[in-house]
Amino acid sequence: MRLARLDDIAAVVALSANAYAPYTPIFGGPPVPVTEDYAPRIERGEVWLLEEDSNLAGLIVLEHHPDHAMIFSVAVAPAFQGRKLGIRLLGFADEQARSWGVPEVRLYTNSRMERNIALYSAYGYRETGRRPNPYRPGWILVDMVKTVDRAA
């Protein structure tokens, strides 16, 4: 795992678009991580890259808040899916939360991403509520949280 640099932005955008592509027809438009401007997130140190044999295999966008870590996006390149790299990225979020001394990792996802919700639940996340997406009328967000041990 390594922090993304600004010269990685094209690869970050491409991986996000490819990883989330199956959801575009389901949603009737691209998921929010596909339309995100990643430059400010890279500059803030929120984008982490997972490389396998010098190929970009996945990424996680992780925000540091005073009382929690917030996952904005977890994406695995289609060629690397099915290798449990998403679980590795979630494990990295746990490690970062511990290193930041915060007690939990939060995330939100679209209610139509049922496979992802099941994955998060199996990994220890619990649903805390559902709410309308303020930027996409008609879309429902599922909020989830996982407590992590504070020991680094």
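What you see is a predicted model, and the numbers here were worked out from it, not measured in a lab. (Residues numbered from 1 in each chain as written. Predicted model: local features only at pLDDT ≥ 70, side-chain atom pairs only at ≥ 80, totals over all residues. Heavy atoms only, no water.)

Visitor: Hey, could you run me through helix α1 (residues 9-20) in this one?
Guide: Every α-helix winds through 3.6 residues per turn, so residues three or four apart in the chain are directed the same way. Compared with the 16 Å implied by 1.5 Å per residue over 12 residues, the 16 Å span of α1 between its first and last C-alpha is a close match. Taken as a whole, α1 has its buried residues at V12, L15, S16, A19 and Y20. Seen along its axis, α1 keeps its buried residues to an arc of 110 degrees; they face one direction. For α1, the secondary structure elements touched by its buried residues are α2 (23-27), α3 (32-35), α4 (38-43), β2 (47-52), β3 (55-65) and β4 (68-76). (Helix = DSSP H or I, 4+ residues; strand = E, 2+ residues; numbered from the N terminus. Expected span 1.5 Å × (residues − 1). Buried < 20%, exposed > 50% of the residue type's maximum accessible area, 1.4 Å probe, protein only. Arc of directions from axis to C-beta. Contact = heavy atoms within 4.5 Å.)

Visitor: Would you explain the sheet that holds β2 in this entry?
Guide: Strand pairing within a sheet occurs via backbone hydrogen bonds; the two strands may be parallel or antiparallel. Taken in spatial order, the seven strands line up as β1-β2-β3-β4-β5-β7-β6 in an open sheet, and their pairing is mixed. Pairing within the sheet leaves two strands with one partner each, and these edge strands are β1 (2-3) and β6 (126-132). Sheet topology places β1 next to β2; two bridges connect them, and they run antiparallel. By the bridge assignment, R2 is partnered in β2 with L49. (Pairing = 2+ DSSP bridges.)

Visitor: Would you mind showing me how to read the nonpolar core here?
Guide: Burial of nonpolar side chains together is a common tendency in soluble globular proteins. Counting 43 residues, the largest nonpolar core has V47, I60, I71, V105 and Y125 as its most contacted members. Aside from chain neighbours lying at most four places away, what touches I71 is I60, V61, L62, L90, A93, V105, R106, L107, Y108 and Y125. (Core = buried A, V, L, I, M, F, W, Y, C linked by side-chain atoms within 4.5 Å.)

Visitor: Teacher, can you tell me more about the packing of aromatic side chains here?
Guide: The geometry of an aromatic ring pair is captured by two quantities: the separation of the ring centres and the angle between the planes. Scanning the entire structure with this criterion turns up five aromatic pairs. With centroids separated by 4.9 Å and ring planes inclined at 55 degrees, the aromatic side chains of F27 and W139 adopt a geometry described as tilted. Of this pair, F27 sits in helix α2 while W139 sits in the loop between β6 and β7 (140-147); the two residues are 112 residues apart in sequence, bridging distant segments of the chain. Here F27 and W139 have matching classes, each one buried. Sitting over the ring of F72, R41 keeps its end group 4.1 Å from the ring centre. Across the ring face of Y108, the terminal group of R131 is positioned such that the distance to the ring centre comes to 5.5 Å. (Phe/Tyr/Trp six-rings, centres within 6.5 Å; stacked < 30°, edge-to-face > 60°. Lys NZ or Arg CZ within 6 Å of the ring centre and 35° of its normal.)

Visitor: How do you make sense of the confidence of the model for the protein when you look at a structure like this?
Guide: Low-pLDDT portions of the prediction should not be read for the details of their coordinates. Residues with a pLDDT of 70 or more make up 98% of the protein, whose mean pLDDT is 93. In the model of the protein, α2 stands out as the element of lowest mean pLDDT, 88, in contrast to α4, which has the highest, 97. (pLDDT = per-residue confidence, 0-100.)

Visitor: Where do I start with the pairing of strand β5 (residues 104-110) in this structure?
Guide: Where a strand is regular, its side chains alternate between the two sheet faces. Across the seven residues of β5, five count as buried, placing the element largely inside the fold. As defined by bridge partners, β4 adjoins β5 across three bridges and the pair is classed as parallel. Residue pairing in the sheet places I71 in a bridge with L107 of β5. One crossover worth recording links β4 to the parallel β5 by way of helix α5 (residues 85-100), and it is right-handed. Examined bridge by bridge, β5 and β7 share seven bridges and lie antiparallel to one another. Note on β7: the bridge partner recorded for V105 is K146. (Right-handed = clockwise from strand over helix to strand, strands pointing away.)

Visitor: I'm lost on α5 in this one. Help?
Guide: The terminal C-alpha atoms of α5, which comprises 16 residues, lie 22 Å apart, in line with the 22 Å expected from a rise of 1.5 Å per residue. If you check which residues of α5 are buried, you get L85, G86, L89, L90, G91, F92, A93, D94, Q96 and A97. The inward-facing, buried residues of α5 contact β2, β3, β4, β5, α6 (114-122) and β7. Of the residues trailing α5, G101 is marked for its positive phi of about 75 degrees.

Visitor: How do you make sense of the pattern of salt bridges when you look at a structure like this?
Guide: Where charged atoms of side chains with opposite charge meet at close range, the side chains can pair. What the rule picks out here adds up to 13 salt bridges. D94 is paired through a salt bridge with K146; the nearest N and O atoms lie 2.6 Å apart. Of the two residues, D94 sits in helix α5 while K146 sits in strand β7, which places them 52 residues apart along the sequence. Taken individually, D94 and K146 each receive the classification buried, so the pair is uniform in this respect. Linking E104 and R106 is a salt bridge whose minimum nitrogen-to-oxygen distance equals 2.6 Å. (Salt bridge = Lys/Arg side-chain N within 4 Å of Asp/Glu carboxyl O.)

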